[in-house]
Amino acid sequence: MHTAHVNVHAPAALDTPEARLQQQARRRVKLKMGFFIHALVFTLVNLGLLTLHAVTGGERGLHMPLWGWGLGLAIHGTVVFTRLHTQGLRDRMVAREVERLRERG
């Protein structure tokens with residue numbers, strides 16, 4: 001599969017609406033992938049710890065890292081998806097301000 005590549009070293013290439021959309025899409029995907037990788041690592045590590053705990057009959061207290069890390073993961077998800085959701089709001093607010101400034105000018 002071939003993906004389009006935007007040359008970040010050519011300033012003129014970023015002046016097109018399509019290039020700006022590609023750049024914004026890449027940033028959004030990077031945020032989402034960071035969260036999904038964090039969630040995958042959380043799941044795999046904690047499944048491994050739970051399995052190890054079940055096999056060895058280890059001490060209780062395994063829930064502490066699970067809850068602590070789970071809280072961190074929840075905060076990460078909240079930040080990522082709030083940022084993605086509010087980006088559209090920020091863009092609309094900027095567009096409105098640009099229009100107001102143009103009307104004044």
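Worth saying up front: this structure is predicted, and the values here are computed from it rather than measured.

Cut-offs used in this document
Residues numbered from 1 in each chain as written. Predicted model: local features only at pLDDT ≥ 70, side-chain atom pairs only at ≥ 80, totals over all residues. Heavy atoms only, no water. Salt bridge = Lys/Arg side-chain N within 4 Å of Asp/Glu carboxyl O. Helix = DSSP H or I, 4+ residues; strand = E, 2+ residues; numbered from the N terminus. Buried < 20%, exposed > 50% of the residue type's maximum accessible area, 1.4 Å probe, protein only. Core = buried A, V, L, I, M, F, W, Y, C linked by side-chain atoms within 4.5 Å. Contact = heavy atoms within 4.5 Å. Expected span 1.5 Å × (residues − 1).

Enquirer: Teacher, can you tell me more about the pattern of salt bridges here?
Expert: Between side chains of opposite charge, a pair can form as their charged atoms come close. Per the stated rule, a full pass over the model turns up two salt bridges. For Glu 97, the salt bridge goes to Arg 100, with nearest N and O atoms at 2.7 Å. In this pair, Glu 97 and Arg 100 both sit in helix 2 (residues 63–104), three residues apart, roughly one turn of the helix. A relative accessible area of 41% places Glu 97 in the partly exposed class. The exposure class of Arg 100 is partly exposed, given its relative accessible area of 43%. Glu 99 is the partner of Arg 102 in a salt bridge, and the nearest nitrogen-oxygen pair spans 3.3 Å. With Arg 102 and Glu 99 both in helix 2, this residue pair falls three residues apart, about one helical turn. Arg 102 gets classed as exposed once you look at its relative accessible area, which sits at 59%.

Enquirer: Would you explain the nonpolar core in this entry?
Expert: Phe 35, Ala 39, Phe 42, Leu 73, Val 80 and Leu 84 form the largest nonpolar core, which has six residues in total. Secondary structure elements with two or more residues in this core: helix 1 (17–56) and helix 2. When sequence neighbours within four positions are dropped, the list of residues in contact with Leu 73 reads Phe 35, His 38, Ala 39 and Phe 42.

Enquirer: Looking at this structure, I do not really get helix 1. What am I missing?
Expert: An α-helical turn contains 3.6 residues, so a residue and the one three or four places further along point in the same direction. Across its 40 residues, helix 1 extends 58 Å between first and last C-alpha, which sits within 8% of the 58 Å expected from 1.5 Å per residue. For helix 1, every residue scored as buried is listed here: Ala 19, Phe 35, Ala 39, Phe 42 and Asn 46. In this structure, the buried side of helix 1 is in contact with helix 2. After helix 1 finishes, the residue Gly 57 shows a positive phi value of roughly 65 degrees.

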